[in-house]
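Observations on the three-dimensional arrangement
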Amino acid sequence: MPQFIKIDQDGDVATITLNRPEVLNAWHSAMRKELAAVLKEQDGDDKIRAIVLTGAGDRAFSAGQDLGEAKTFSSERAAEWIEEWRELYGTMRSLTKPIIAALNGVAAGSAFQVALLCDVRVGHAGSRMGQPEINSGIPSTLGPWLMKEMLGISRTIELTLTGRIMDGEECHRIGLIHYLVPQDQVMAKAMEVGRLLASKPPIAMRLNKRRFAEVTAAGFEDALQAGARIQKEAYGTGEPQRMMEAFFARTAEKRKAGGVHA
């Protein structure tokens, strides 16, 4: 049984919940592997026709990469890390069933990327999303590739270099969130969309999704190759490790002063 993922089924719609709420559903290596395995399992189940992906609690879809893991990386481990993302992202891109992101809170960094790899996104005004890796000294390749496909190069550059997080209303306005609803209706709307997509002819659904993967395959492979090269170089300088250690030191000081609460 998965340790960090919950699975539920409502008719022909499966719900997969990222389940590390104590760290805002941030993922480490074990959780990434579990998510890829669960997605494959649900995609192969003939009783399932659509998948909803969400996060436990009401604060976060996922905070993205667990920095407690990433701050320990060597340059070689950073390159291997990209191959772990290849497994998860490749799995998502190869799904034959539609997948809907129910954005119950923040989706940052790699979680933003996972949300963008979903076919449809449902969120609320507080569903904050963005690509803040630069603030931790981590360069970005997979996120900018996804954003460029959806937003164009100008906005991609601005979001990548500033690390700015967008609120749900901005995400809806620029087309990243398809359905913006009140917070307490996010899951219901995601399930409604899931049931709609589950009702579509499955062969046409599978072939449409396969074609979308085909037309973006070259960019995906380029982003992965660049990611391995760039992460290896970045971690070889020690900058990401220093920036993350500084972040943890600041967080510890705030907790000590009573300014941060679990």
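Everything here concerns the structure above.
Described below are features of the structure shown in this document. (Residues numbered from 1 in each chain as written. Predicted model: local features only at pLDDT ≥ 70, side-chain atom pairs only at ≥ 80, totals over all residues. Heavy atoms only, no water.)

**Let's talk about the sheet that holds strand E6 (residues 106-108)**
Whenever strands of a sheet pair, they do so through backbone hydrogen bonds, lying parallel or antiparallel. Taken in spatial order, the four strands of this open sheet run E4-E6-E8-E9, and their pairing is mixed. Sheet topology places strand E4 (60-62) and strand E9 (165-166) at the edges, where each strand pairs with a single neighbour. Note: E6 against strand E8 (residues 129-130), two bridges, orientation parallel. Directly across from Ala108, in E8, lies its bridge partner Gly130. (Pairing = 2+ DSSP bridges. Helix = DSSP H or I, 4+ residues; strand = E, 2+ residues; numbered from the N terminus.)

**Structural notes on the packing of helix H4 (residues 110-117) against helix H5 (residues 142-151)**
Two elements in contact, H4 and H5, have axes whose closest approach is 9 Å; the angle formed by their N-to-C orientations is 40°. Classified by the interaxial angle, the pair formed by H4 and H5 is oblique. Here H4 and H5 pass one another in a crossing that is left-handed. For the pair H4 and H5, the contacting residues are Phe112, Gln113, Leu116 and Leu117 in the first and Leu142, Gly143, Leu146, Met147 and Met150 in the second. Residues of the contact of H4 with H5, tallied by class, amount to seven nonpolar, two polar and no charged. (Axes fitted to C-alpha atoms, helices over the stretch in contact; angles between N-to-C directions. Parallel < 35°, antiparallel > 145°, perpendicular 65-115°, else oblique. Left-handed = near helix turned anticlockwise from the far one by under 90°. Contact = heavy atoms within 4.5 Å. Nonpolar A, V, L, I, M, F, W, Y, C, P; charged D, E, K, R; others polar.)

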